[in-house]
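Single-letter residue listing:
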Amino acid sequence: MASTSSFRASSSSSTPSIPRTTTYDVFLSFRGEDTRRKFTDHLYSALGRRGIRTFRDDKLREGKAIGPELLKAIEESRSSVIVFSENYARSRWSLDELVKIMECQKDMGRAVFPIFYHVDPSHVRKQEGSFGEAFAGYEENWKDKIPKWRAALTEAANLAGKHLQDGYESNQIKEITDSIFRRLKCKRLDAGANLVGIDSRVKEMILRLHMESSDVRIVGIYGVGGIGKTTIAKVIYNELSCEFECMSFLENIREVSNTQGLSHLQNQLLGDILEGEGSQNINSVAHKASMIKDILLSKRVFMVLDDVDDPSQLEYLLGHREWLGEGSRVIITTRNKHVLAVQEVDDLYEVKGLNFEEACELFSLYAFKQNLPKSDYRNLSRRVVGYCQGLPLALKVLGSLLFKKTIPQWESELNKLDKEPEMKIHNVLKRSYDGLDRTEKIYFLMLHVFLKVKIGILCQEYWMVVISMQKEE
């Protein structure tokens, strides 16, 4: 049944992914005499404003066979939008287009968006009403094509679509355009599973973004490594980025900057904003920064700059708020609060560790694949959760380590934690330690010793670091 309350793209679940060689994002199929100069024209313009490449055939071709150029345009479009209007079925040209569109949906995995413009979806599906009248006129001369036409109409009308009746067309077109944009342009990021405690933290962050304002807004998220900054940013990106003209998520800036350079990150940002058209041939970081400034200024963007550890990274990727177009939003995640002060962000959000109940639930999801510890393991679980001090990464690693192990094995592993951290935790959390300067490293180690916090960082190697640093002094 066609949906009258939602508008989602539909494609064959068993078909291959869409190739990158497509020329258009949307092929617009419509009955010219019904909607060409009104609804379809407004929809075409709205799609263009959202950066959606749309093919529209502006020529009246009644009585002719569908040409190879249109067949090629359908094949080279990532999706098709079909505007079913009162007289759609009276156009053999439109029906031939529809047959090709549905073939591409089945054979090539193309998405199809049906719009029922002042027509009953059931009339399209069953070829009744004006659609039935049109087919009555085809019985004599077009019997060979009728089965394919009928099958294509029924298949298209069974897809989830948008039924337009009353209401303001401008609002309806915006809803349709936004839906198509979300389907075609938005890339959802994998934020991971078992996101315990995430909802309240995301809500607090979104409040700081002031989404109702048309001003530029830059908000910083800071906290220790493994606390969940990137996860929060990914969830927010998935929820909000599709409302913007352009979006980009630059992950692991600290690491990528050190291994591949700022130029690589600039290419990624430009590619995201320009839809793949980067600047691979430009080597100058300063030149690329100038390009980024010129492009961002004219667009409403949503950007996440993840794990920034040096103000120079922001200088060449973001510059100043004057680089950003009206209504843009930027989230910066970092372990170094000073980076955010230098950037003069509008607001700060410090990510705190999980409370005991949240930490116990997250640990249990990895250790037992359920929300609470098994009864025989409750005391041992409390001990592990106490070690982790609300740090999600440590809870996940230790939970996975202890999964399906017996009580004696748990006790043995916990005794090892008193002597030497599990190496996986050590290797992962060592990145957090390495991000500190010399003095901070010493204080970090001293603090954890005196507070007896066992989160997988205390080991003989770090004491050797302290000793060597003291000798250098």
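Sequence order as written defines residue numbering, which begins from 1 separately in each chain. Only residues with pLDDT of at least 70 get local features here, since the model is predicted, and only at 80 or more are side-chain atom pairs given and counted; chain-wide, interface and lining totals rely on the full set of residues. Calculation of side-chain values draws on the structure's entire complement of heavy atoms; hydrogens and water are dropped beforehand.

Draft legend 1. Highlighting helix α16 (residues 356–367). Over its 12 residues, α16 extends 16 Å from the first C-alpha to the last, a length consistent with the 16 Å expected when each residue adds 1.5 Å. Most of α16 sits out of view: nine of its 12 residues are buried. One side-chain oxygen of the residue at the start of α16 lies 3.2 Å from the amide nitrogen of glutamate 357, identifying that residue as asparagine 355. Positive backbone phi, approximately 60 degrees, marks lysine 369, located one or two places after α16. Note on conventions: DSSP H or I runs of at least 4 residues are helices, E runs of at least 2 residues are strands, and numbering of each starts at the N terminus. In this scheme, a helix's expected span is set at 1.5 Å multiplied by one less than its residue total. Buried means the residue's accessible area, taken with a 1.4 Å probe over protein chains only, is under 20% of the maximum for its type, while exposed means over 50%, and partly exposed covers the values in between. Here a polar contact is recorded for every N or O atom pair within 3.5 Å, except that within protein the pair must consist of a potential hydrogen donor and a potential acceptor, and residues adjacent in sequence are included only if both atoms are side-chain atoms.

Draft legend 2. Summary view of the sheet that holds strand β4 (residues 111–117). Only strands that DSSP links by at least two bridges are regarded as paired with each other. With parallel pairing, five strands are arranged side by side in an open sheet as β2-β1-β3-β4-β5. Each of the sheet's edge strands pairs with one partner strand only, and the pair in question is β2 (54–56) and β5 (162–164). Pairwise comparison of adjacent strand axes, ignoring direction, gives a mean angle of 20 degrees for this sheet. Here, two residues are considered to be in contact whenever any of their heavy atoms come within 4.5 Å of each other. Helix axes are fitted only over the stretch in contact, all axes being lines through C-alpha atoms; the angle between N-to-C directions runs from 0 to 180 degrees. Contacting β1 (24–30), β2 and β3 (77–84), helix α3 (residues 68–75) runs over the sheet at an angle of about 130 degrees to β1. Along the sheet, helix α8 (residues 169–185) makes contact with β1, β3, β4 and β5, crossing β4 at roughly 170 degrees.

Draft legend 3. Examining the packing of α3 against helix α4 (residues 92–108) more closely. One can describe the packing of α3 onto α4 by two numbers: an axis separation of 10 Å at closest approach and a directional angle of 35 degrees. α4 is crossed by α3, and the crossing has right-handed handedness. Residue-level contacts link Leu70, Leu71, Ile74 and Glu75 of α3 to Trp93, Glu97, Lys100, Ile101, Cys104 and Met108 of α4. It is the rotation of the near helix from the far one that decides the hand of a crossing: anticlockwise by less than a right angle makes it left-handed, clockwise makes it right-handed.

Draft legend 4. Structural detail: the sheet that holds strand β8 (residues 301–305). Ordered by their spatial adjacency, five strands build an open sheet running β7-β8-β9-β6-β10, and the pairing between neighbours is parallel. The outermost strands of the open sheet, each flanked by one partner alone, are β7 (246–250) and β10 (347–350). Direction aside, the axes of adjacent strands within the sheet are offset by 10 degrees on average. Taken together, the four bridges between β8 and strand β9 (residues 329–334) define a ladder with parallel strand orientation. Along β9, the bridge assignment pairs leucine 305 with isoleucine 332. Contacts from helix α12 (residues 262–273) reach β7 and β8 within the one sheet, and its direction differs from that of β7 by about 155 degrees.

Draft legend 5. Representation of the nonpolar core. What is meant by a nonpolar core is a set of buried Ala, Val, Leu, Ile, Met, Phe, Trp, Tyr and Cys residues, joined one to another through side-chain atoms within 4.5 Å. Counting 68 residues, the largest nonpolar core has Leu43, Ile236 and Phe363 as its most contacted members. Among the elements that line this core, the one with the most residues is α16, at seven residues. Apart from the residues lying within four places of it in its own chain, the contact partners of phenylalanine 363 are Phe368, Ser381, Val384, Val385, Leu395, Leu398, Gly399, Leu402 and Trp410. Phe55, Ala89, Val124 and Tyr138 belong to the second-largest nonpolar core, a separate cluster that totals 31 residues.

Draft legend 6. Local environment of the environment of lysine 337. Within the fold, lysine 337 resides in helix α15 (residues 337–343). By relative accessible area, lysine 337 is classed as partly exposed at 42%. In sequence terms lysine 337 and glycine 223 are 114 residues apart; their C-alpha atoms lie 8.0 Å from each other.

Draft legend 7. Up close: unusual backbone geometry. Backbone geometry at histidine 118 places phi at a positive 55 degrees, although glycine is not the residue there. Looking at the secondary structure, you find histidine 118 in the loop between β4 and α5 (121–126). Positive phi values are uncommon outside glycine, yet glutamine 127 reaches one of about 55 degrees. Here glutamine 127 is to be found in the loop between α5 and α6 (130–136). Taking the relative accessible area as the measure of exposure, glutamine 127 reaches 10% and is therefore buried.

Draft legend 8. Representation of the packing of aromatic side chains in the model. Only rings of Phe, Tyr and Trp enter the pairing, Trp through its six-membered ring, and a pair is recorded when the two centres are within 6.5 Å. The plane angle decides the type: under 30 degrees is stacked, over 60 is edge-to-face, the rest tilted. One pass over the full model with this rule turns up 18 aromatic pairs. Pairwise contacts between aromatic rings join Phe84, Tyr88, Phe116 and Phe131 into one cluster. Two conditions define a charge sitting above a ring: the NZ of Lys or the CZ of Arg must be within 6 Å of the ring centre, and it must be within 35 degrees of the ring normal. Above the ring of phenylalanine 181, the side-chain terminus of arginine 50 is found at 4.1 Å from the ring centroid. Taking NZ or CZ as reference, arginine 300 lies 4.0 Å from the ring centre of phenylalanine 244, over its face.

Draft legend 9. Fine view of helix α10 (residues 229–240). Between its first and last C-alpha, α10 extends 17 Å over 12 residues, near the 16 Å set by a 1.5 Å rise per residue. Summarising burial for α10: nine of the 12 residues are buried, a large majority. If you check which residues of α10 are buried, you get Lys229, Ile232, Ala233, Lys234, Val235, Ile236, Tyr237, Asn238 and Leu240. Check the buried side of α10 and you find it contacts α9 (198–209), β6 (217–222), β7, β8, β9 and β10.

Draft legend 10. Looking closely at the pattern of salt bridges. Any carboxyl oxygen of Asp or Glu that lies within 4 Å of a side-chain nitrogen of Lys or Arg is treated as forming a salt bridge with it. Within the structure shown, the criterion is met by 19 salt bridges. In this structure, the salt-bridge partner of aspartate 307 is arginine 335, at a minimum N-O distance of 3.9 Å. Of the two residues, aspartate 307 is situated in the loop between β8 and α14 (311–317) and arginine 335 in the loop between β9 and α15; the sequence distance between them amounts to 28 residues. Owing to a relative accessible area of 28%, arginine 335 belongs among the partly exposed residues under this scheme. Here the residues in one salt-bridge network are Asp25, Arg53 and Arg78, joined through shared partners.

Draft legend 11. Expanded view of the environment of phenylalanine 356. Structurally, phenylalanine 356 can be placed in helix α16. Assessed through its relative accessible area of 34%, phenylalanine 356 is described here as partly exposed. When the C-alpha positions of phenylalanine 356 and glycine 390 are compared, they lie 7.0 Å apart, and in sequence the two are 34 residues distant. Those residues in contact with phenylalanine 356, other than ones at most four positions away along the chain, are Arg382 and Val385.

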